[in-house]
Amino acid sequence: MDVTLICTLFEGLPRQGPGLDESTVRACSCIPSSFKVGKILDIGCGSGMQTLALARYFPDSQITASDIHQPFLDELRKRAEIAGLDQRIVTCQASMDHLPFEEKSFDSIWAEGSAFVMGLAHALRYWKKFLTPDGFLVFSDCTWFTDSPSEECRDFFATEYPDMSSESGTRDLVRSAGFTVIDSFRLPDAGWWKHYYSPLAERIPLLKEQYATNPDALDIIQGLEKEMEIHRNYSKEYGYCFFINKNSE
């Protein structure tokens, strides 16, 4: 998999995966107001729409936004400057499975739609060491909403995300990693389309033209088109869920 090529295809888009500011804020509100959120680590931040939402919701916080693709971080810096939030957001180019931070250095770790890259179970175990003993880890991940998905949908995710679990299965995985699940909720369908699929669909004709002689890029683009088709047909069978979790060890 050419990670740089995949990331390049998503440059300039509002988001690089499903999400919605309203859902980010809802997840923030699940963290008790008595808990002081000082240092936040946003892992796999992309161009940082949720990073800005975090900075607005937690006005006393300092946020470190990390991503492997530097152009995303450059775009986040520009967005933060425009929003007047650049003094509280620093960026760090790093792989999510090799983070250059001291252990127990963040009060909250945020990961919207990024944990699947390294596998949720592995991500939870690895990221936990960067969290304070009483800190919160918040993530969103794709889950099954049914125990009997349609054959086409099941076959698609057998290739794209074979480890995808149910909501209850994900909660069990979180608990086994040493967290207490404080709350969870489903991302509304608008979170797939408003800032992600709709802008992506508008860009695809241009991408096909731009990468007409690049078979690897065309394969990725075809896969994205298939992904959108699957969601149009089977969005009641799966979707993203937010999980708000307190470090319990």
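Data block above holds the structure.
These numbers come from a predicted model, not from an experiment. (Residues numbered from 1 in each chain as written. Predicted model: local features only at pLDDT ≥ 70, side-chain atom pairs only at ≥ 80, totals over all residues. Heavy atoms only, no water.)

**Q** Kindly report on the side chain of Arg88, identifying the contributing residues and their values.
**A** Note that Arg88 resides in the loop between α4 (70–83) and β3 (89–93). Buried and unpaired, Arg88 has Asp60 as its nearest opposite-charge partner, separated by 7.0 Å. Setting aside chain neighbours within four positions, we find Arg88 in contact with Ala55, Arg56, Phe58, Pro59, Asp60, Ser61, Gln62 and Ile63. (Helix = DSSP H or I, 4+ residues; strand = E, 2+ residues; numbered from the N terminus. Buried < 20%, exposed > 50% of the residue type's maximum accessible area, 1.4 Å probe, protein only. Lys, Arg positive; Asp, Glu negative; His and termini not counted. Salt bridge = Lys/Arg side-chain N within 4 Å of Asp/Glu carboxyl O. Contact = heavy atoms within 4.5 Å.)

**Q** Please give an account of helix α8 (residues 190–210) that cites residues and values.
**A** In a regular helix each residue adds 1.5 Å, so 21 residues correspond to 30 Å; α8 covers 29 Å between its end C-alpha atoms and thus fits that length. Largest kink in α8: about 45°, centred on Tyr197, with the proline Pro199 one to four residues after it. Every buried residue of α8 is listed here: Gly191, Trp192, Trp193, His195, Tyr196, Tyr197, Pro199, Leu200, Ile204 and Leu207. The elements touched by buried residues of α8 are α1 (3–9), α3 (49–57), β5 (131–144), α9 (215–234) and β8 (238–247). (Expected span 1.5 Å × (residues − 1). Bend = angle between axes of the 7 residues up to and from the residue.)

**Q** An account of the packing of aromatic side chains is needed here, citing residue identities and associated values.
**A** For any pair of aromatic rings, geometry is given as the distance between the ring centres together with the angle between the planes. If you walk through the whole model with that rule in mind, you get 17 aromatic pairs. The interplanar angle of 75° and the centroid separation of 4.9 Å between the aromatic rings of Tyr57 and Phe58 together place this pair among those described as edge-to-face. Classification of Tyr57 as partly exposed rests on a relative accessible area of 33%. The interplanar angle of 90° and the centroid separation of 5.9 Å between the aromatic rings of Trp192 and Tyr238 together place this pair among those described as edge-to-face. With Trp192 in helix α8 and Tyr238 in strand β8, the pair connects residues that are 46 residues apart, well separated along the chain. Neither Trp192 nor Tyr238 differs from the other in exposure class; each is buried. Each member of the aromatic cluster is reached from another via a ring pair, and the members are Phe10, Trp144, Phe156, Phe157, Trp192, Trp193, Tyr196, Tyr197, Tyr238 and Tyr240. (Phe/Tyr/Trp six-rings, centres within 6.5 Å; stacked < 30°, edge-to-face > 60°.)

**Q** I'd like to hear about the pairing of β5, residue by residue, with values.
**A** For β5, the buried fraction is high: 12 of the 14 residues fall into the buried class. Strand direction decides the pairing type here: strand β4 (residues 106–112) and β5, joined by 6 bridges, are parallel. In the strand pairing of β5, Ser108 is matched with Phe136. Chirality of the crossover, the property in question, places the unit of β4, helix α5 (residues 120–128) and β5 among those that are right-handed. Of the pairings in the sheet, the one linking β5 to β8 comprises 9 bridges and is antiparallel in character. (Pairing = 2+ DSSP bridges. Right-handed = clockwise from strand over helix to strand, strands pointing away.)

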